[in-house]
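Read off the chains here:
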Amino acid sequence: SLVGRNILITGGAGFIGSALIRHLIELGGCRVVNYDKLTYAGNLLSLESIAQDPSYHFIQGDINDGDTLGKALRQYEIDLVIHLAAETHVDRSIEGPRAFIDTNIVGTFELLQQCLQYYRNLPTEMATRFRLHHVSTDEVFGDLGSDEAGYFSEQSPYAPSSPYSASKAAADHLVRAWHRTYGLPVVLSNCSNNYGPYQYPEKLIPVTLLNALQGKSIPIYGDGKQIRDWLYVDDHAHALCQVAARGKLGESYNIGGMNEMTNLEVVGLICELLNQKVTEKPCGISDFRQLIVFVKDRPGHDTRYAIDASKLNHTLGWQPNESFASGLEKTVDWYLTHLDWCHQVASQS
Ligand code: NAD
């Protein structure tokens, strides 16, 4: 358990980081420091429900700012760092990769250096507790192709396709090297696609929902047959707590929902839910599926990702709580009742 820990979370104002912080504060018993630059993707509105809790602290900072980072580690006597800060949108990485190199690679390097310096100066009793948990993606493994047999395991070779996944792969390698070469205590996890409340409206599920509600077209890349594994964000947050608390140092854990879907199936299910839930449909349509349009495929688009999460299941006993049907319905209901959040985060970025 993470009771009694002083935890610094980078990227805590983002989609997954905010879910993790809400979960930790609700559990209680630990101190949580959210260290976030507040890029377009980060918003403190996602943390309003816990912002007044005395065990929650916020520092606006860049992971590339080593001084501020080092001070935060010392001031709050941090004994666990969970590193989520990153540029995360694949399309943006294709249009402008530099920010991905700066944050995901150089920023991770700076964080490693600050953690190492801090770790080396800790009293022994605290040093034995200290660890850095690096949060990564299954996209580092590249494309499984359209054959339906394979799964990514922790031993799968790295073969990233996009500037985003290449920058995350580079970060994973740096983290392992700082463990092997300098003895920094680390654990890693690689997770499949997350969905759920508070996801910035640029990724597949929130874009589909929000476009549909406004009667705008719902864009699908290529033929929509790309396969992804989907995991409800709170299930990822629970898995991160398990890996951070009990994962074996130097090891990585794959996290996934065992829930493969084509993008077209995902969009179809959202449209079905909206058909049931929204009585006044926009623009005189009778079925939200009428809004689907196929657009030119993303360059380098991977065909299939699928993750084998059995190590996490067998060694730490983790399994997801939500099925895709229940998680997706919760997500749709959340967006239908939080359109103000969507408008506010979009207008502030
Ligand atoms: P997000 O884009 O919603 O949030 C990223 C957060 O990082 C934002 O709050 C942003 O302000 C912050 N940030 C960006 N650059 C920063 C910097 N230089 N210094 C400090 N803070 C900075 O991302 P997310 O979807 O919550 O993903 C979080 C992590 O999980 C990322 O490392 C991502 O690679 C990984 N991941 C995401 C998914 C997914 O499906 N979303 C799946 C697997 C792994």
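Per an unreviewed UniProt entry, the recorded name for the chain is dTDP-glucose 4,6-dehydratase, and the organism is Shewanella insulae. Under the UniProt heading Cofactor (unreviewed entry), the entry covering the chain gives this text: "NAD(+)". Database annotation for the chain, UniProt heading Sequence similarities (unreviewed entry): "Belongs to the NAD(P)-dependent epimerase/dehydratase family. dTDP-glucose dehydratase subfamily."

**Details of the UniProt feature "transmembrane region" (unreviewed entry) in the chain**
The feature "transmembrane region" (unreviewed entry), as given by UniProt, occupies residues 5–25 in the numbering adopted here. Helix makes up 52% of residues 5–25 and strand 24%, whereas the separation of the span's terminal C-alpha atoms amounts to 12 Å.

**Here we look at the sheet that holds strand E10 (residues 252–255)**
Here we have 7 strands laid out as an open sheet, ordered E3-E2-E1-E4-E5-E6-E10, and parallel in their pairing. Strand pairing shows two members of the sheet lacking a second neighbour, strand E3 (56–60) and E10, which therefore form its edges. Between one strand axis and the next, the sheet turns by 20 degrees as a mean value, whatever way the strands run. Of the pairings in the sheet, the one linking strand E1 (residues 6–10) to strand E2 (residues 31–36) comprises 5 bridges and is parallel in character. Bridge pairing in E2 places Ile7 opposite Val32. Packed onto the sheet, helix H6 (residues 163–182) meets strand E5 (131–137) and strand E6 (186–191) and runs at close to 155 degrees relative to E5.

**Some details on the site of the ligand**
Around the ligand lies a shell of 31 residues, among which Gly11, Gly14, Ala41, Gly42 and Ala86 are the nearest. Elements that contribute at least two residues to the shell around the ligand include exactly helix H1 (15–27), helix H4 (98–120), E5 and strand E7 (193–195). Of the residues assigned to the shell around the ligand, the class counts are 12 nonpolar, 14 polar and 5 charged.

**A short note on helix H11 (residues 324–337)**
Between the first and last C-alpha of H11 there are 20 Å, a value that for 14 residues agrees with the 20 Å anticipated at 1.5 Å per step. Taken as a whole, H11 has its buried residues at Phe324, Gly327, Leu328, Thr331, Val332 and Tyr335. Burial along H11 is one-sided: seen end-on, the buried residues are contained in an arc of 135 degrees. Projecting away from the buried face of H11 at angles above 90 degrees are the exposed residues Ala325, Ser326 and Thr337.

About the criteria used
- Numbering of residues starts from 1 in every chain and runs along the sequence as written.
- Whole-chain, interface and lining totals are the exception, using all residues; otherwise, since this is a predicted model, local features are given only for residues with pLDDT of at least 70 and side-chain atom pairs are given and counted only at 80 or more.
- UniProt positions are given in the numbering used here, feature names are shortened, and annotations may be inferred rather than shown by experiment.
- Runs of E in the DSSP output that reach at least two residues are strands. Runs of H or I that reach at least four are helices, and both are numbered from the N terminus.
- Criterion used throughout: strands pair if DSSP finds at least two bridges between them.
- Interaxial angle, 0 to 180 degrees, is taken between N-to-C directions of lines fitted to C-alpha atoms, where a helix line uses only the stretch in contact.
- By the criterion used throughout, residues are in contact when their C-beta atoms, derived from the backbone, lie within 7 Å.
- Here, nearness means that the C-beta atom of a residue, built from backbone geometry, sits within 6 Å of the molecule or strand in question.
- Charged residues are taken to be Asp, Glu, Lys and Arg, nonpolar residues to be Ala, Val, Leu, Ile, Met, Phe, Trp, Tyr, Cys and Pro, and polar residues to be all remaining types, Gly included.
- To estimate the expected span of a helix, count its residues, drop one, and scale the result by 1.5 Å.
- Whether a residue is buried, exposed or partly exposed follows from its count of other C-beta atoms within 10 Å of its own C-beta, namely 20 or more, 12 or fewer, or something in between, respectively; the C-beta atoms are built from the backbone.
- Starting at the helix axis, one direction is taken to each C-beta atom, and the arc is that of these directions.

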